[in-house]
Amino acid sequence: MVFCLADLSGASAKNWNTGKKQQSSNGISDIKQIIIGDMGKGYDFEKRNVASKEALKILKHQGMLAAKFKLSLSMGGGDGDWRRGNIKGYAQRFEYGEKQNDSQKLNKEIWTRLLFWLPKETIAKNQVTLFDLKDVNDNKTFGPFLNLALTDEGQGTILKIKHNFEKNDCIIGRDGKTENAFCDKVDVNVIFGPVENFTGKWVDFVSRAVWTNTKDGVYDAWLDGKKIFGYRGKTAIGDGVRFKFGLYRIKLNKTKNPNDVTIYFSKVGTASACQKLGINNCEALKQTRDEIGYPGALRVFRFNSDEKRKFIAKGGKVLRTL
């Protein structure tokens, strides 16, 4: 059932257009205060970000210098997010990401860190992404192929990672005037527990990756020093990878009066070595590199998607294979 958003009409045009008001003072200088490692070399304010000045504040929070990100329905959303299929209120975001030209390269070890703090009252009826990773190919960004998100799988809000490492067979096709990626893939959903396990405290997410189109790829991840993810195999389909963080939430028009969502970030960045991110237990993390799978996961389930097959079957124009 699709609900009508009770206060949707209150989102004024100035808040759900392209966000050009915000872009003139988009917080780039502010966000630098929480960026660590090599990420400061190049990152972008996403063009679809909400225009509200309330979406970002830099402040002290629970002993850390932090960036407070907030999304509320009254902020509307950017072009391409807020309106989908002539229906208002589909999605909204406030994110920063690596510049495409400074995306992560293949066949190099990349460490990523971000600390996040969620209020105890956090609720997400539909997906709220905290960070994602996207393939870069031929100077275009596609994906995402991995994200960390809040969502509700039917038993309350949970924290999970979704990825497509196991299968991600993609082509680039022309959908109208736009080039898009169409993939036959397996969405692997790894649930780490109810959101209550991760609220009211700083949570330290760390990952180690080697992006490659061969079987020599690596992806390891830890939450608060505990191994949660270990994968070996193909990890990329393009010629680079972009990291983005912030808040991005979807399907708002399928929920009646969706709650505001707030998150605090600190010490966000990427680097070629663990120590460059100020992590004090690097050796302990490295000792778990041989642990493969999803240690400590509450549940793992998979969905198959055949959008590539369907695109070709309906006569879609294939431009190239990824």
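First things first, this report covers the structure right here in the doc.

Focus on the overall build of the protein
Step number 1: Across its full length, the protein carries 5 helices and 20 strands.
Step number 2: Counting the 322 residues in the protein, one finds 54% classified as buried.
Step number 3: Put simply, 72% of the contacts in the protein that link residues at least 6 apart link residues at least 24 apart.
Step number 4: About 14,800 Å² of surface is accessible on the protein, with carbon and sulfur atoms providing 46% of the total.

Concerning the pairing of strand S3 (residues 56–61)
Step number 1: Sheet topology places S3 next to strand S4 (residues 64–71); 6 bridges connect them, and they run antiparallel. Within S4, the position partnered with Leu56 by the bridge is Phe69.
Step number 2: Turn length for the S3-S4 hairpin, with the two strands adjacent in sequence and antiparallel, is 2 residues, and the turn residue Gln62 shows positive phi of about 50°.

With respect to the pattern of salt bridges
Step number 1: One pass over the structure, following the stated rule, counts 20 salt bridges.
Step number 2: Between Asp204 and Arg113 there is a salt bridge whose closest N-O contact spans 2.9 Å. Linking Asp204 in strand S14 (residues 202–210) with Arg113 in strand S8 (residues 109–117), this pair joins segments that are 91 residues apart in sequence. Like Asp204, the residue Arg113 is buried in the burial classification.
Step number 3: For the salt bridge of Glu283 with Lys286, the shortest nitrogen-to-oxygen distance reads 3.8 Å. With Glu283 and Lys286 both in helix H4 (residues 282–286) and 3 residues apart, the pair spans about one turn of that helix.
Step number 4: One network of salt bridges, in which partners are shared, links Arg48, Asp81, Arg84, Arg93, Glu95 and Lys244.

Rules behind the numbers
Residues numbered from 1 in each chain as written. Predicted model: local features only at pLDDT ≥ 70, side-chain atom pairs only at ≥ 80, totals over all residues. Heavy atoms only, no water. Helix = DSSP H or I, 4+ residues; strand = E, 2+ residues; numbered from the N terminus. Buried < 20%, exposed > 50% of the residue type's maximum accessible area, 1.4 Å probe, protein only. Contact = heavy atoms within 4.5 Å. Areas by Shrake-Rupley, 256 points an atom, 1.4 Å probe, with all protein chains shown as cover. Pairing = 2+ DSSP bridges. Salt bridge = Lys/Arg side-chain N within 4 Å of Asp/Glu carboxyl O.

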